[in-house]
Amino acid sequence: MSQQHINLAGIGAGPFNLSLAALLHKVPDLSFAFYDKKKSFSWHTGLMLQGARLQTSWMKDLVTPVDPTSEFSFLKFLVDHGRFYAFINAEQAAISRQEFAQYLEWVAGQLPQVNFDSHVREINHQQGQFWLRFDDRIVSADHLCLGTGTKPYVPEFAVSHMGKQVFHGGSVLNAPRDFSGKRVAVVGGGQTGAELFLELISERWGECQSVNWISRRDNFDQLDEAPFTNDLFTPNYVHHFLSLNRDQKREMVAKQKLASDGISPSTLKEIYQALYQVKMVQGRDKEYTMRPGREVVAMHRQGSYYQLGVEHQHHAMEQLDADVVIFCTGFKTVIPACLESLADDIHWEEDGVLSMQDNYQVNWEHAGYNRIYAVNTSRHHHGIVDPQTSLMAWRSANIANDLLGYNLYKLDQAGFVQWGVQQQDKERYVA
Ligand SMILES: Cc1cc2nc3c(=O)[nH]c(=O)nc-3n(C[C@H](O)[C@H](O)[C@H](O)COP(=O)(O)OP(=O)(O)OC[C@H]3O[C@@H](n4cnc5c(N)ncnc54)[C@H](O)[C@@H]3O)c2cc1C
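Here is a short report on the structure shown in this document.

Further remarks concern the overall build of the chain. Along its length, the chain carries 13 helices and 17 strands. The globule rule puts the C-alpha radius of gyration for 431 residues at 22 Å, and the 23 Å found for the chain is close to it. Counting only C-alpha atoms and orienting by the principal axes, one finds that the chain spans roughly 70 × 70 × 50 Å. Per-residue burial over the chain gives 49% buried out of 431 residues.

Structure representation (structure tokens):
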């Protein structure tokens, strides 16, 4: 097996680690490589629905918020592809996920340090360095950056039923999609559930016998995009969040759910208009039903279909029969299997999450000389911004500065809101 040594090894090359790779590209004398198990770059292909839009500004791309002159900016992508003027004239409030994926792929293709078809099977720590084992080689590295993303989550009772009729919304496009004559249940009241309900009632995948959309939330709530809610996605707010204790952080994350996990207003409007068209204008008596305030708590197979036990928050239990059940119940952070050999040396918090530092380092036994950085694993520490693209460039710049030991990137930006209590105001207070 061939062997190579580098300063930094990135595990995974999704958008978050790709952002770090793009920011490190201009650093001389730093050897680094990012590895991804996929054959080539792709981004959530299982959910790349036509018309699906990014929920974040395109300006918050991989690099621009900290390096607007970077050759890896979205603007450069537009210019290189001859789209600049057409893009402006299109006046899109939000760009399509398809175009953002094209941009990401274009960046990945220009970074020689990003390697695909490279599954990191195991990481050991010996002789003051990390040893990464692939199928065909071993690489040693001084530091790591974990960016292996999240995994689809389904409730425990559904796990044994997963298959052709029961699947996670994140893989809907990976399966045949003729739902003609079927009773379909969509479980989960977030953006993915909304997008799939819209596809189904628009009958692009065949005319279903019925579509039921079940949400635990009291209503089909929209993403909160108010200006001061958007301020939660700024370095200023993250600094404040980091000053809170663990319980305060947990409380704030729960309170801020709709800031990061609501449905785009445009999707809600399209759903309302599609229902109006079918039920009022066309006068069709279709069972396209939205059921908020309910939780699916059980499912049983009955011959060729499923019975769902649905608990209403204020009323009795309901039963729904479905031929197809699509769980849009989100994604969860998982620590990749390749890290198993290091698990005893890593510091964990009580509920099994990584113990993190503010600078995105994982607390572990040998952090003094071999650092482990991690992205998209610390909502408990950095807040709701962690799984979002909003501050990915800023986070990467934090990691780059920390790794290099000097401030290559400027991190502070002005804000209007004073989220925390300032020292001088504390001192002036007389009880
Ligand atoms: C459909 C969808 C739409 C979203 N839209 C938005 C949005 O509009 N705005 C927003 O802010 N956020 C959005 N998000 C949330 C977030 O931005 C994305 O999930 C984003 O892809 C997270 O990036 P990541 O790099 O952490 O993970 P991923 O994109 O999941 O990338 C992780 C990579 O790690 C690789 N990997 C895993 N294990 C190994 C291993 N052992 N060896 C090598 N490689 C490995 C995987 O192959 C994968 O390519 C969306 C999420 C989804 C699911």
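Before going further, it helps to examine the pairing of strand β14 (residues 317-322). Bridging between strand β13 (residues 305-312) and β14 involves six bridges; their strand directions are antiparallel. Paired with Tyr306 across the strands is Ala322, a residue of β14. Linking β13 to β14, which pair antiparallel, is a turn of four residues.

This part takes up the pairing of strand β9 (residues 183-187). Counting buried residues in β9 gives four out of five residues, a clear majority hidden from the surface. Alignment of β9 against strand β10 (residues 210-214), held across five bridges, turns out to be parallel. Bridge pairing in β10 places Arg183 opposite Ser210. Regarding topology, helix α5 (residues 191-201) serves as the crossover connection from β9 to the parallel β10, and that connection is right-handed. Two strands pair when backbone bridges link them, and β9 and strand β15 (residues 324-327) are joined in this way by four bridges, in the parallel orientation. Bridging from a neighbouring strand, Val184 pairs with Val324 of β15.

Given a rise of 1.5 Å per residue, 13 residues ought to cover 18 Å, and the 18 Å separating the end C-alpha atoms of helix α12 (residues 392-404) matches this to within 8%. Of all 13 residues in α12, twelve are buried, a share of seventy percent or more. Inspection of α12 places Met392, Ala393, Trp394, Arg395, Ser396, Ala397, Asn398, Ile399, Ala400, Asn401, Leu403 and Leu404 among the buried residues, and these make up the whole buried set. Looking one or two residues past α12, Gly405 carries a phi angle of roughly 80°, positive in sign.

The strand order across the open sheet built from three strands is β12-β13-β14, with neighbouring strands paired in antiparallel fashion. One side of each edge strand has no neighbouring strand; the edge strands of this open sheet are β12 (294-302) and β14. On average, each strand axis in the sheet is inclined to that of its neighbour by 25°, with strand direction left out of account.

To continue, consider the pattern of salt bridges. Applying the stated criterion to the full structure yields 27 salt bridges. When the shortest N-O distance is used, the salt bridge between Glu199 and Arg204 registers 3.1 Å. Owing to a relative accessible area of 6%, Glu199 belongs among the buried residues under this scheme. With relative accessibility at 48%, the residue Arg204 sits in the partly exposed group. In this structure, Arg291 engages Glu318 in a salt bridge whose closest nitrogen and oxygen atoms are separated by 3.4 Å. Taken together, the positions of Arg291 in strand β11 (residues 287-291) and Glu318 in strand β14 put the pair 27 residues apart, joining distant regions of the chain. The class for Arg291 is buried, based on a relative accessible area of 15%.

Below, the discussion takes up the nonpolar core. The biggest cluster of nonpolar side chains holds 61 residues, and the ones touching the most others in it are Leu18, Leu24, Tyr103 and Val107. The set of elements that each furnish at least two residues to this core consists of α1 (15-24), β2 (32-35), α2 (74-80), α4 (97-110), α7 (235-242) and α12. Sequence-distant contacts of Val107, defined by excluding residues within four places in its chain, comprise Leu18, Ala22, Leu62 and Phe72. The next biggest cluster of nonpolar side chains, apart from the first, holds 29 residues, and it includes Leu198, Leu268, Tyr288 and Cys328.

Here we take up the site of the ligand. Around the ligand sit 27 residues, and of these Asp36, Trp43, Gln55, Thr56 and Thr389 come closest. Separating an oxygen atom of the ligand from a backbone N or O atom of Phe16 is a distance of 3.1 Å. A distance of 2.7 Å separates an oxygen atom of the ligand from a polar side-chain atom of Trp43. Coverage of the ligand by the protein amounts to 90% of the 980 Å² it exposes when considered alone. Its residues assigned to classes, the shell around the ligand comprises ten nonpolar, 13 polar and four charged.

A few words now on the packing of aromatic side chains. Evaluated as defined, the whole model comprises 21 aromatic pairs. Relative to Phe116, the ring of Phe41 lies with its centre 6.3 Å away and its plane at 80°, an arrangement referred to as edge-to-face. Of this pair, Phe41 sits in the loop between β2 and α2 while Phe116 sits in the loop between β3 (114-115) and β4 (122-126); the two residues are 75 residues apart in sequence, bridging distant segments of the chain. Three or more aromatic residues link up through ring pairs in this structure, and these residues are Trp43, Trp58, Phe74, Phe77, Phe87, Phe100, Tyr103 and Trp106. One residue, Arg137, lies across the ring of Phe134, its end atom 4.3 Å from the ring centre. Above the ring of Tyr305, the side-chain terminus of Arg183 is found at 4.8 Å from the ring centroid.

Cut-off values and rules
Residues numbered from 1 in each chain as written. Predicted model: local features only at pLDDT ≥ 70, side-chain atom pairs only at ≥ 80, totals over all residues. Heavy atoms only, no water. Helix = DSSP H or I, 4+ residues; strand = E, 2+ residues; numbered from the N terminus. Rg over C-alpha atoms; globule rule 2.2 N^0.38 Å. Buried < 20%, exposed > 50% of the residue type's maximum accessible area, 1.4 Å probe, protein only. Pairing = 2+ DSSP bridges. Right-handed = clockwise from strand over helix to strand, strands pointing away. Expected span 1.5 Å × (residues − 1). Axes fitted to C-alpha atoms, helices over the stretch in contact; angles between N-to-C directions. Salt bridge = Lys/Arg side-chain N within 4 Å of Asp/Glu carboxyl O. Core = buried A, V, L, I, M, F, W, Y, C linked by side-chain atoms within 4.5 Å. Contact = heavy atoms within 4.5 Å. Near = heavy atom within 4 Å. Polar contact = N/O pair within 3.5 Å; in protein donor to acceptor, adjacent residues only side chain to side chain. Areas by Shrake-Rupley, 256 points an atom, 1.4 Å probe, with all protein chains shown as cover. Nonpolar A, V, L, I, M, F, W, Y, C, P; charged D, E, K, R; others polar. Phe/Tyr/Trp six-rings, centres within 6.5 Å; stacked < 30°, edge-to-face > 60°. Lys NZ or Arg CZ within 6 Å of the ring centre and 35° of its normal.

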